[in-house]
Amino acid sequence: MKFSYVIIATISIPAVAYFLSCFSLKKTIKNIKERKNKRKAENVKESNVCLSKIEKGSLGEKIIAKKLTMLDPKEYKVINNFLLLFKNGTSVQIDHLVISRSGIFVIETKNFSGAVDKLNDDWWVQTTDRNKSYKFYSPVKQNFGHIKTLENIFNNDSKDLFHSIVVFPDTTHIETADRRVTHFSNIICEIEKFDKHILNYNKMNELYETLRTYNMNNDSNQQKHIDRLSASGIC
């Protein structure tokens, strides 16, 4: 009897070890698949959030585009959804450009609710009506980047040529005192208060036509730009 127990024990220990190793391998594979599915779900969620922000931003841009039609077409030339493409595959989208004898107004539209305030030079914070806070990149600095990109187009002609304006919905409480930031309803007044003319009509129209040639905005390029923003999480 003792001999048979030894045989059974000798046979059983490797079998148990094999079973445990298989079980451990299956569990590891299962954990890897679960983590992979979780990451995939999180990526889909982040992508959906990003697309939602883009859609909301697009609605705000349409509101401002409509308001800009109130400007005198002889004195102001408007380009909405200005899209620059670069050879390295990147792109820059500027919500609105208004070309006038007083210069070029570069407008960044933020369709945010609640309250917005400046944290520092690089970051702002949005506090929603539900008292949730979200940090976002400074729209003033973002628009400054747009202006620097445009300055490269016009080279030496760009001194004092550009005016930055950032607009938020009327329902948004703007807690920063930055004079370059205003509400949707003030956009026309903000533009028209610049009454010093630095360009004649010929130069104004020349700049307008130059910008139109650089504008690569169409359905295909716009979709590529949105896809790039969504994939990178920049939105």
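On a predicted model such as this, the values are computed, not experimentally measured, just so you know. (Residues numbered from 1 in each chain as written. Predicted model: local features only at pLDDT ≥ 70, side-chain atom pairs only at ≥ 80, totals over all residues. Heavy atoms only, no water.)

Concerning the confidence of the model for the protein
The following threshold applies: Residue-level confidence of the predictor is summarised by pLDDT, bounded by 0 at the bottom and 100 at the top. The contact criterion used throughout is that any non-hydrogen atoms of two residues lie within 4.5 Å.
With 70% of its residues at a pLDDT of 70 or more, the protein has an overall mean of 81. Note that pLDDT drops below 50 for residues 1-9; the model gives that stretch zero contacts with residues more than four away or on any other chain. The model gives residues 40-49 a pLDDT under 50, and that stretch makes one contact with residues more than four places away or in other chains.

Focus: the pairing of strand β2 (residues 91-100)
What counts is decided by this rule: Burial status follows relative accessibility: with a 1.4 Å probe on protein chains alone, a residue under 20% of its type maximum counts as buried, one over 50% as exposed, and anything between as partly exposed. Numbering of helices and strands runs from the N terminus; a helix is a DSSP stretch of H or I covering at least four residues, while a strand is a stretch of E covering at least two. Whether two strands pair depends on DSSP finding at least two bridges between them.
Most of β2 is tucked away, with 10 of its 10 residues classed as buried. Looking at chain direction, strand β1 (residues 76-85) and β2 are connected through nine bridges and run antiparallel. Across the sheet, the residue bridging to K77 is I99, located in β2. A loop of five residues connects β1 with β2, the two strands running antiparallel in sequence, and G89 in this loop sits at a positive phi of about 95 degrees.

Observations regarding the packing of aromatic side chains
How we decide: Only Phe, Tyr and Trp rings take part, Trp by its six-membered ring, and two of them pair if their centres are within 6.5 Å. Stacked means planes under 30 degrees apart, edge-to-face means over 60, and tilted covers everything else. Lysine and arginine charges are scored as sitting over a ring when NZ or CZ, respectively, is within 6 Å of the ring centre and within 35 degrees of the ring normal.
On inspection of all chains with the given rule, the structure shows seven aromatic pairs. Ring centres of W123 and Y137 lie 5.8 Å apart, and the angle between their planes is 80 degrees; this geometry places the pair in the edge-to-face category. On the criterion of sequence distance, the pair formed by W123 in strand β5 (residues 123-127) and Y137 in strand β6 (residues 133-137) is long-range, its members being 14 residues apart. Note on W123: relative accessible area 33%, which makes it partly exposed. In this structure Y137 comes out as partly exposed when scored by relative accessible area, which is 39%. Where W124 meets F168, the ring centres are 6.3 Å apart and the plane angle is 15 degrees; that geometry is what we call stacked. Taken as a pair, W124 in strand β5 and F168 in strand β7 (residues 162-168) lie far apart in primary sequence, 44 residues in all. A relative accessible area of 1% places W124 in the buried class. An aromatic cluster of at least three residues, connected via ring pairs, comprises F112, W124, F136 and F168. Just above the ring of W123 sits the side chain of K135; from NZ or CZ to the centre is 4.9 Å.

Digging into the environment of K67
Inspection of the secondary structure assignment puts K67 in helix α1 (residues 2-68). By relative accessible area, K67 is classed as partly exposed at 25%. Between the C-alpha atoms of K67 and F184, which are 117 residues apart in sequence, the distance is 8.4 Å. In contact with K67, other than residues within four places in its own chain, are F184, S185, I187 and I188.

Regarding a nonpolar patch on the surface
Keep this limit in mind: For patches, a residue must show more than 30% relative accessible area and have no salt bridge; joins then use 9 Å for like charges and 5 Å for nonpolar side chains, namely Val, Leu, Ile, Met, Phe, Trp and Tyr. In short, Shrake-Rupley with a 1.4 Å probe defines the accessible areas, and a residue's cover is counted only from the protein chains shown. Here, a salt bridge means any Lys or Arg side-chain nitrogen found within 4 Å of an Asp or Glu carboxyl oxygen.
On the surface, L119, W123 and Y137 cluster together to form a nonpolar patch covering roughly 300 Å² of accessible area. Within the secondary structure, L119 is located in the loop between β4 (115-118) and β5.

Things to note about the nonpolar core
Basically, it comes down to this: As used here, the term nonpolar core means buried Ala, Val, Leu, Ile, Met, Phe, Trp, Tyr and Cys residues forming a set that is joined through side-chain atoms within 4.5 Å.
Core analysis: the largest hydrophobic core is formed by 20 residues, its most contacted members being L97, I99, I104, L150 and L211. Sequence-distant contacts of I99, that is, excluding residues within four places in its chain, are made with E75, Y76, K77, I79, I104, M204, L207, Y208 and L211. Judged by nonpolar contacts, the second largest core, of 13 residues, contains L68, Y76, V98 and I191.

Section: the side chain of T149
This is how the line gets drawn: Here a polar contact is taken to be a pair of N or O atoms separated by no more than 3.5 Å, where protein atoms must pair a possible hydrogen donor with a possible acceptor and residues adjacent in sequence count only if both atoms sit in side chains.
Tracing the backbone shows T149 in helix α2 (residues 139-154). Among the polar contacts listed, one links the side chain of T149 to the backbone oxygen of G145, at a separation of 3.0 Å. Not counting residues within four places of it along the chain, the set of residues in contact with T149 comprises L84 and F86.

Some words on the sheet that holds strand β8 (residues 173-174)
Short version of the rule: Whenever a helix is involved, its axis is fitted only over the stretch in contact; in every case the axis is a line through C-alpha atoms, and angles between N-to-C directions fall within 0 to 180 degrees.
Taking strand neighbours across the sheet as the criterion, the four strands line up as β6-β5-β4-β8 in an open arrangement whose pairing is mixed. Looking at which strands have only one partner, the edges of the open sheet turn out to be β6 and β8. Where β4 meets β5, four bridges bridge the pair, whose relative direction is antiparallel. By the bridge assignment, K118 is partnered in β5 with W124. Lying on the sheet, α2 is in contact with β5 and β6; it crosses β6 at an angle near 20 degrees.

Examining the packing of α2 against helix α4 (residues 201-214)
Rule in force here: Put simply, angles under 35 degrees are roughly parallel, angles over 145 are roughly antiparallel, angles from 65 to 115 are roughly perpendicular, and the rest are oblique.
Here α2 crosses α4 at 110 degrees, and the two axes come no closer than 12 Å. Here α4 runs roughly perpendicular to α2, going by the angle between their axes. Between α2, through L150, I153 and F154, and α4, the contact on the second element is made entirely by L207, T210, L211 and Y214.

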